[in-house]
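Below are the chains, spelled out letter by letter.
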Amino acid sequence: MSDLFDDYDAGSIRRTYDEMFDRYGRVRDTYRGVHDTLEPQTTADLAVRADGLSRAYRDRGVTFALSGQERPFPLDLVPRVLSADEWHRLEAGIRQRVRALEAFLADVYGPGEVFSDRVVPRKLVHSSPHFHRQVHGIQPAGGVRIHVSGVDVIRDDHGEFRVLEDNLRSPSGVSYVMENRRVMARVFPDLFGTHAVAPVDDYPRHLLGALRSTAPVRANDPRIVVLTPGVHNSAYFEHALLARLMGVDLVEGRDLVCRDDVTYVRTTTGDERVDVIYRRIDDEFLDPVQFRPDSVLGCAGLVHSARAGNLTIANAVGNGVADDKLTYTYVPELIEYYLGEPPLLRNVDTYRLEDDDQRAYVLDRIDQMVVKPVDASGGYGLVFGPDASDEEIEQCRQDVLADPRGYIAQPVVSLSTGPTLVDGRLRPRHLDLRPFAVNDGEKVWVLPGGLTRVALPENSLVVNSSQGGGSKDTWVLADEDVSFGMDLPAPVPVAARPSVPVPLQVGPADDHERHHQQQLQQQQTGPVEEATPC
């Protein structure tokens, strides 16, 4: 083994699952080619390549804000590699999950049979801050509410993939997936020469196809726009990128107007009708008639336009009730209820703190638990018991007692590790994975791979970039016996309209909580003035 792995401790019995090495230090078959390519490299070789990655990101303006400073997004040199069989199992589980959650949302904003059958308590849904009665009864075209989803998964101590959370509102990060692949292929072509890796460059084509397929029925050639909060949002690069690759307009709320339940975009030649809005704005800012009356980021009348069947809003308003972390605990039951199937991917063990017995159990050992707010993301509000101070533990206890519905708890799960370049050596760092799924009403397509996030500080389990994390290029190895992008039916079939192929270029994004805070800031200053970035 080369000196690159000298500090990796590969020969000892491991307490966590490592992606490259088994518990006895032997290289896993999936990583054999990557290991053999890295082994002859010197620390100087890797330093040059790592500098090339940073420079490539900086030149393209792919940065993120950390502690008030813009810096290149950390991309690690060593890819995360999944075999075709591993991906096939993971892909099937994600599709199953999306189909069940799609059916759940249709039920929640429709007949409510899931409540009368006592699968999920009505109070749980109606107490969610993301449940919006304003959209009850709206029937979206094609029955699709979850056009795009990001399902966060981890691999536990036994190597089993488990779901950590669902992201069904405006999941971001797909631009990192495409950018990581482009930059890695340029800086480390040696690795690609020995592997057949499933491509990621057709994501915009699938997204465009889904938006066209779920346009209002009357729209033979639908007009699609991407709605952004503006240039000060940390995911603006991704908004602009996707609009450009799909060949559609990028608009802000001030570019739109609704008249007689029809939405129009203002152009230099007059107002033109809009059929589909792929929005990257939170619900509360989307329509000042229905939500925040002081919002200047959205457009008055969008919900009425959708209710009249003249507009598709992707993702649908109100989806947040399905990615509420308390709803997450019911997803296995929802899969069995709606699909009549056992869950293919298990959840991480989770305690519902509104339950008296479970709350008492957690509070007795809160210093051994991870406590999370049900409506937060990006690592914000998370209390990691083993590392928390006495004051933080006590504050967490009081917060839970004051609002049990607002929190869930999980035992500490040791995420799998992967070799990561740190200070010139390859060392184990914890990973998670966010695959992206696109639903066009007929099938759920999952982008091969997804965004692997890595916790760069030693022993850290928080992988979010807002907390100092980085990313890896995620490879799914091709196999002639496995068909990538295999189609499965979604709950409500609809005739798909032809999609338009688009070329590939690339870009970045970040977590939902940061986007929400930036939208609050932009709301306070107005879209024309300069907002302070997070």
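This text follows the structure it describes.
Structure report, in brief. All values reported here derive from a predicted model rather than from experimental measurement.

### Observations concerning the packing of aromatic side chains
For the structure shown, the criterion picks out five aromatic pairs. On the basis of an interplanar angle of 10° and a centroid distance of 5.5 Å, the ring pair of Tyr109 and Phe131 is categorised as stacked. Within this pair, whereas Tyr109 is found in the loop between helix H3 (84-108) and helix H4 (113-116), its partner Phe131 is found in the loop between helix H5 (122-126) and strand S4 (148-155), the two being separated by 22 residues in sequence. For the residue pair Tyr109 and Phe131, the accessibility class agrees, reading buried in each case. Ring plane angle 35° and centroid distance 5.4 Å describe the contact between Tyr351 and Tyr361, whose orientation is recorded as tilted. One end of the pair, Tyr351, is in strand S14 (residues 351-352); the other, Tyr361, is in helix H14 (residues 356-364), with 10 residues separating them in the sequence. A relative accessible area of 37% places Tyr361 in the partly exposed class. Across from the ring centre of Tyr17, 4.1 Å away, lies the NZ or CZ of Arg28, which sits over that ring. The ring of Tyr330 carries the charged tip of Arg352 above its face, separated from the ring centre by 3.6 Å.

### Points about the sheet that holds S14
Across the sheet, which stays open at both edges, the four strands sit in the order S14-S17-S15-S16 with antiparallel pairing between neighbours. A single partner strand is all that each edge strand has here, and the edge strands are S14 and strand S16 (383-384).

### A short note on the environment of Leu353
Tracing the sequence through the fold places Leu353 in the loop between S14 and H14. Among the residues examined, Leu353 registers a relative accessible area of 1% and is labelled buried. Linking Leu353 and Ile408, residues 55 residues apart in sequence, is a C-alpha distance of 5.6 Å. Excluding residues that lie within four positions of it along the chain, Leu353 makes contacts with Gln358, Arg359, Val362, Val400, Pro404, Tyr407, Ile408 and Ala409.

### Observations concerning the pattern of salt bridges
For the coordinates displayed, the defined rule picks out 36 salt bridges. Notably, a salt bridge pairs Asp275 with Arg218, separated by 2.5 Å at the nearest N-O pair. Within this pair, whereas Asp275 is found in the loop between strand S10 (270-273) and strand S11 (276-279), its partner Arg218 is found in the loop between helix H8 (203-213) and strand S6 (224-227), the two being separated by 57 residues in sequence. Judged by its relative accessible area of 4%, Asp275 falls in the buried class. Relative accessible area serves as the criterion here: at 41%, Arg218 is assigned to the partly exposed category.

### Some remarks on the packing of H3 against helix H13 (residues 331-339)
The relative placement of two packed helices is expressed as an angle between their axes plus a distance between the axes. Viewed as axis vectors pointing N to C, H3 and H13 meet at an angle of 80°, and their least axial separation amounts to 9 Å. Overall, the two elements H3 and H13 adopt an arrangement that is roughly perpendicular. Here Gln96, Arg97, Arg99, Ala100, Leu101, Ala103, Phe104 and Asp107 of H3 lie close against H13, whose contacting residues are Val331, Leu334, Ile335, Tyr337, Tyr338 and Leu339. A class-by-class count of the residues in the contact of H3 with H13 yields 10 nonpolar, one polar and three charged.

### Focus on H3
With 25 residues, H3 ought to run about 36 Å at 1.5 Å a step, and its terminal C-alpha atoms sit 36 Å apart, in line with that. By the criterion of burial, H3 is predominantly enclosed, with 20 of the 25 residues buried.

### Some details on the sheet that holds S11
Strand order across the open sheet formed by four strands is S7-S6-S11-S12, with parallel pairing between neighbours. Edge positions in the sheet fall to strand S7 (249-251) and strand S12 (312-314), since each of these pairs with one other strand and no more. Pairs of neighbouring strands in the sheet enclose a mean axial angle of 25°, with direction left out of account. As paired strands, S6 and S11 are joined by four bridges and run parallel to one another. By the bridge assignment for S11, Ile224 is matched with Val276. Running over the sheet, helix H9 (residues 236-246) touches S6, S7 and S11 and is turned about 150° from S7.

### Some remarks on the pairing of S4
Most of S4 is tucked away, with eight of its eight residues classed as buried. The alternating pattern of S4 places Val148, Gly150, Asp152 and Ile154 on one face and Ser149, Val151, Val153 and Arg155 on the opposite face, and all of these are buried. Both S4 and strand S20 (residues 436-439) contribute to a ladder of three bridges, which runs antiparallel. Note that in S20 the partner of Ser149 across the bridge is Ala437. By the bridge criterion, six bridges tie S4 to strand S5 (residues 161-167) in an arrangement that is antiparallel. Opposite Gly150, over in S5, you have Asn167 as the bridge partner. If you look at the hairpin formed by S4 and S5, you'll find five residues sitting between the two strands, and Gly159 has a positive phi there, around 85°.

### What about unusual backbone geometry?
Residue Asn315 is bonded to the preceding Ala314 through a cis peptide linkage, with omega at -10°. Along the chain, Asn315 falls in the loop between S12 and helix H12 (325-328). Backbone geometry at Asp260 places phi at a positive 55°, although glycine is not the residue there. Mapped onto the secondary structure, Asp260 falls in the loop between strand S8 (256-259) and strand S9 (262-267). Positive phi outside glycine occurs at Asp423, with the angle close to 55°. With respect to the helices and strands, the residue Asp423 is situated in the loop between strand S18 (417-422) and strand S19 (425-434).

### Brief notes about the pairing of S8
Side-chain direction in a regular strand flips from residue to residue, so the side chains alternate between the two faces of the sheet. The sheet contact formed by S8 and S9 spans four bridges and is antiparallel. Residue pairing for S9: Arg259 is matched across the bridge by Val262. Hairpin remark: S8 followed by S9, antiparallel, with two residues in the connecting loop; positive phi at Asp260, about 55°.

### Here's the deal with the nonpolar core
In this structure, Met20, Val34 and Tyr203 are the most contacted members of the largest nonpolar core, which totals 57 residues. When residues in this core are grouped by element, the largest group, seven residues, is from helix H6 (residues 174-187). If we skip the residues at most four places from it in the chain, Val34 touches Met20, Val78, Pro79, Val81, Leu191, His195 and Trp475. Counting 46 residues, the second largest nonpolar core, distinct from the first, contains Leu105, Leu302, Val321 and Leu334.

Reading the values: the criteria
Residues numbered from 1 in each chain as written. Predicted model: local features only at pLDDT ≥ 70, side-chain atom pairs only at ≥ 80, totals over all residues. Heavy atoms only, no water. Phe/Tyr/Trp six-rings, centres within 6.5 Å; stacked < 30°, edge-to-face > 60°. Helix = DSSP H or I, 4+ residues; strand = E, 2+ residues; numbered from the N terminus. Buried < 20%, exposed > 50% of the residue type's maximum accessible area, 1.4 Å probe, protein only. Lys NZ or Arg CZ within 6 Å of the ring centre and 35° of its normal. Pairing = 2+ DSSP bridges. Contact = heavy atoms within 4.5 Å. Salt bridge = Lys/Arg side-chain N within 4 Å of Asp/Glu carboxyl O. Axes fitted to C-alpha atoms, helices over the stretch in contact; angles between N-to-C directions. Parallel < 35°, antiparallel > 145°, perpendicular 65-115°, else oblique. Nonpolar A, V, L, I, M, F, W, Y, C, P; charged D, E, K, R; others polar. Expected span 1.5 Å × (residues − 1). Core = buried A, V, L, I, M, F, W, Y, C linked by side-chain atoms within 4.5 Å.

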